[in-house]
Structures are given as structure tokens and as C-alpha cells.
2 protein chains.
Amino acid sequence: MSGERGLPPVDLVSRAYQRIRDLIVEGRLAPGTRIIENDLANHLEISRTPVRAALQRLQQEGWVIGSGTGKQLRLSVSPMTQEDARELFDIIGTLEGLAARWAALLPSEHRADLVEELRGLNRQLREEAASALPDPRRAYELHSAFHVQLVEAIHAPRLRVLHSAIKPQAYRYRQVYSVALIPATAEAAAEHEAVLRHIDAGDPAAAEQAARTNWANAADRMARIIQTWGEKGSW
Amino acid sequence: MSGERGLPPVDLVSRAYQRIRDLIVEGRLAPGTRIIENDLANHLEISRTPVRAALQRLQQEGWVIGSGTGKQLRLSVSPMTQEDARELFDIIGTLEGLAARWAALLPSEHRADLVEELRGLNRQLREEAASALPDPRRAYELHSAFHVQLVEAIHAPRLRVLHSAIKPQAYRYRQVYSVALIPATAEAAAEHEAVLRHIDAGDPAAAEQAARTNWANAADRMARIIQTWGEKGSW
DNA sequence: ACTCCCATGATTGTATACGATTGCGTATAC
DNA sequence: GTATACGCAATCGTATACAATCATGGGAGT
């Protein structure tokens, strides 16, 4: 997804951003946890400056939330609620719907290549889910790759930035209930296939609708599962 | 919209963000202009630290763009191009379409209040455009308020944040060609009215479609004007 | 005269230092 | 025993100092 191999030529704030985000996604920084710049800086073995920059970005993207009126604000990890999940999934569905629409408007040659590539990913996803011992991490990677590639394929910088900022937050929810979601992979793959079919046919409206339906269903599946809360992580 | 008349309890980075953004919107920092942290800090009479934080936020929102592979990156004001305008308007239309959809799903009482409030704004907008000496600033404010209030009305924090980050960038284009756009205000107001009618009727699909159409038409109007006036800063 | 190399300046990334504000604990007074 | 006030520790915002890297220009050599 991010694919940043190569440690030296990356500035500390990007790495801090990634690492803190991972801490949150993995649940090691549990929802509601108070965030102290100093502690994070110590944990990451860097100074407060890059941590601060990373935190500001995380705050703007909604990973951490600031309380306290303006001045002396305190940061904490954004809580995970059902309403938030619903809003999140709806927004992503809308954005990806737009991506699917644009994809269906590409020249037919590009469309064919794209559909072929995504069909490959989708097939791998199906196989992984149907295997005897499904690997949640690999399923996650394949699932994520499908959606990322779809947005990546159209040349739309702003949409790409938005999507890359928001979509991982859905995977935060997905991660928590990853085991419970494995059985639903087949449905998801089928929905993916529907999107691809409409893109292949060059039908923008249908492609958009299919993508939105996919995420709406994902929201439903998630809502059904949300019952027990994530436990606190120690780190 | 901004309306932060300088109470002391506002941190420097927020103020720096606002001021730099205003510089960009007003065109005093022209598209393509190279950005030097020190110069900005001197100009704003603060240190580099808050400027840096503000710049990072501006970069993430797409106001400034960073070039240079990873390491030693240089910032410059994002250029204004026709493709960018098109993408921007489409994205905003999609987001506001979602907002309109949700608005149409509100309890009918809330809907009535909302529609009434927005009708008021729309009427003021019409009057301003129809007056003998239209004030572009006031038209801008009213127009902006309409869209902001629509999104504000539904209780959707993430959508609100997204909208507040993206929409002002459309007004950057709008600002540049503000004079040329005045005659189009009547059309815009009519389209607004269509959105309100569908929200009032509680028809989510129609409301969403109307909002998207509004922004699609806005994109067309903008494209026509850019065509004749030329793009700024893409070179 | 042209080219190449080195040095100096400019610009950014990172760390640290300092002042201010806030929340909490404790001690004292009622 | 309880409540309030005072003080200290914790944390954050801002400034400044330092290091690293890149560009640019001038001088020397061919």
C-alpha cells in the first residue's frame, strides 16, 4: 500500500506518522487513550518535533482528536463508535464510487488492463479466504490493494490523496474484527466483481452504484459485528 | 466562515494557517510561487515552528505542493489548472451530494427548519446578485454560507471536516474569476433551490443528484471562464 | 573561451531550551 | 471530617540553535 522500503531517505516525521498510525490501527494505542508527545517521542526514540508534526497530521485525518477549547488542547486516540464507522464507510463508498465512475470512463484499452489486474487481485483474495487456514494479514493486504489500485488507476491526484487518508481508517475497524470478517470475504469479492463488470462494460453510473453498494454492505456487516469493544493495548 | 476576530486564546499555528491560506486565496502568493519558511516567518513575525506546522497542514490539504523526492523537498503554491478545477469540483459535488442525501433523511421537522434557513441565504444571494452594484465579497460570503450550512446541519463530523478542508479550494478558483462569475449567480441560486426542494420533499436520491448537478454545472461555468482567461501558474 | 571543481550561501530537518498554563495533591483552616 | 487554597509537577506552545543537504557562483586549468 504505502510501500516505503528504504529507511535512510525518509524523514522522521513520515516514519513517525506511519509508526503512530500503525500503533493505532493495531490497537496498541487503544481508542480514547490520552496522547503525550513526550512519551511517544521517547518510545520512538526521536525528539518531540517530528512527533508533533506527525500528530498534527493524524489529528487532521481524524486518527486522534483534540479536546480542550483552542488553547491548551489535549490529544487522545479517536474512539471507535458505530456511528463513526457508518459515516466513515459511507464517505469512502462515495469517494470510491466516484473513482469507479471515472474508471468506467477511461479509454477501453486502459479499462481492459485495469479490470484484468483487479480481477487477479480479487481472485487471490477469494483463494486466500477459501483456503484451509486463511491468513488475515494477507487477506487484509489483498483487499486493501484492490481498492487502492482502483483509485490509483485513474489519474486523479486529489481523490487519491483523500482516499489514502481516509480508507486506512476503515481498516482500523476492519482490523479489530478481522477474524469475524473472514467469512464475509466471499460476499465482498462478489461485490468487487460486480464493480469490475460495470467498469469493463463502460457503464459509469452502474459502476459507481456497485462500488457504493459494496461499502454500504461492508458497513452493514461491520455494524452487525460491532458488539464487544476493543481491549486496551499495552505498549 | 472564518470569523475569528482575534481573541488572544488562539495559537499561532492556526493563525498562521489562516493567514497563509488567505494569502494564497487572494493570489498574493501566486500559484507556482516557491515557499520559503523563513520568509513567511518573517512576514508573519513569528518563528519558523508554527509556520512549519501550518505549512504541513496546507500541504496535506493541497494548497501547497511539495516537489523533490522525499528528502530535501521544496514547497510551492499549487498551480491552478483546468483538470484540477474539474476534479476539485467533482469531489466537492460528490461530498455535498452525500450531505444533501443525509439532509433529506433528517426528521421532517429538522428538514423544514434547515430548508427555511437555507432559503433565506439563497434569497439574499439572489438579491445581492440582482442589485445595481453587486459586491463580490458579499456574494462570496452568502454563497459559501449556503454550502457550509448544508453540511453543518447534518451531524456528520468527518464529512464536515472534509468539506471544510476542500471547499475553500474551490473558492480559490471562484475568487480569481469572481467578477466574471457574478452573472452566473442566478443559475446557481436556481440550482440551490432545486436541492432544497428535494430535501424538503424528503427525497434523498433526488437531493443528492441535484447537489451534484449544481457542482457539475459550476465546473462547466468555471471551465468556460478559465478557457477564455487562461490558466494561472501552470508552467 | 569553455569546462570542471570546490567553496560558500541558502534552505530545510531535527533537537533542545524556555515560558506558560493546567491539573492534581497536600496541607491547613474551619 | 471536609473544603479550600497553595504549590509543584506535567505537558504543551514557541523560539532558537545546530546539522545536513543542495544550489550557485567563481576561480583555475586546459
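Residues numbered from 1 in each chain as written. Chains lettered and ligands numbered in written order. Predicted model: local features only at pLDDT ≥ 70, side-chain atom pairs only at ≥ 80, totals over all residues. Heavy atoms only, no water.

Caption draft 1: Focus on the protein's contact with DNA strand C. As a structural note, the neighbourhood of DNA strand C is formed by 16 residues, with Leu12, Ser47 and Thr49 of chain A together with Arg52 and Leu73 of chain B the closest of them. Counting only the atoms of DNA strand C that lie within 4 Å of the protein, the sugar and phosphate share comes to 65%. One of the backbone nitrogen or oxygen atoms of leucine 12 of chain A is found 2.6 Å away from a phosphate oxygen of DNA strand C. Here a base nitrogen of DNA strand C and a side-chain polar atom of arginine 48 of chain B are 3.1 Å apart. For the surface near DNA strand C, the elements supplying multiple residues, two or more each, are helix H1 (12–25) and helix H3 (48–61) of chain A together with strand S1 (34–35) and helix H3 (48–61) of chain B. By residue class, the composition of the surface near DNA strand C is six nonpolar, four polar and six charged. (Near = heavy atom within 4 Å. Polar contact = N/O pair within 3.5 Å; in protein donor to acceptor, adjacent residues only side chain to side chain. Helix = DSSP H or I, 4+ residues; strand = E, 2+ residues; numbered from the N terminus. Nonpolar A, V, L, I, M, F, W, Y, C, P; charged D, E, K, R; others polar.)

Caption draft 2: View of the relation of the copies chain A and chain B. Take chain A, turn it by 180 degrees, move it 0.0 Å along the axis, and it overlays chain B with an RMSD of 0.1 Å. In short, the pair behaves as if placed about a two-fold rotation axis. Most of the interface of chain A is mirrored in chain B: 96% of its interface residues are interface residues there too. (Least-squares fit on C-alpha atoms with pLDDT ≥ 70 in both. Contact = heavy atoms within 4.5 Å.)

Caption draft 3: Spatial organisation of the pattern of salt bridges. Tallied over the full model, the rule gives 26 salt bridges over all chains. For the salt bridge of arginine 212 of chain A with glutamate 208 of chain B, the shortest nitrogen-to-oxygen distance reads 2.7 Å. Taken together, the residues arginine 212 of chain A in helix H10 (residues 204–225) and glutamate 208 of chain B in helix H10 (residues 204–229) connect one chain to another. For the residue pair arginine 212 of chain A and glutamate 208 of chain B, the accessibility class agrees, reading buried in each case. By sharing partners, the salt bridges in this structure join Arg101, Glu208 and Arg212 of chain A together with Arg101, Glu208 and Arg212 of chain B into a single network. (Salt bridge = Lys/Arg side-chain N within 4 Å of Asp/Glu carboxyl O. Buried < 20%, exposed > 50% of the residue type's maximum accessible area, 1.4 Å probe, protein only.)

Caption draft 4: Expanded view of helix H2 (residues 37–44) of chain B. All names here are of chain B. What H2 keeps buried is the set Glu37, Leu40, Ala41 and Leu44. Buried residues of H2, seen end-on, are gathered within an arc of 100 degrees and therefore sit on one face of the element. Looking at the buried side of H2, the elements it contacts are helix H1 (12–25), S1 and H3. (Arc of directions from axis to C-beta.)

Honestly, it's all geometry; don't read function into it.
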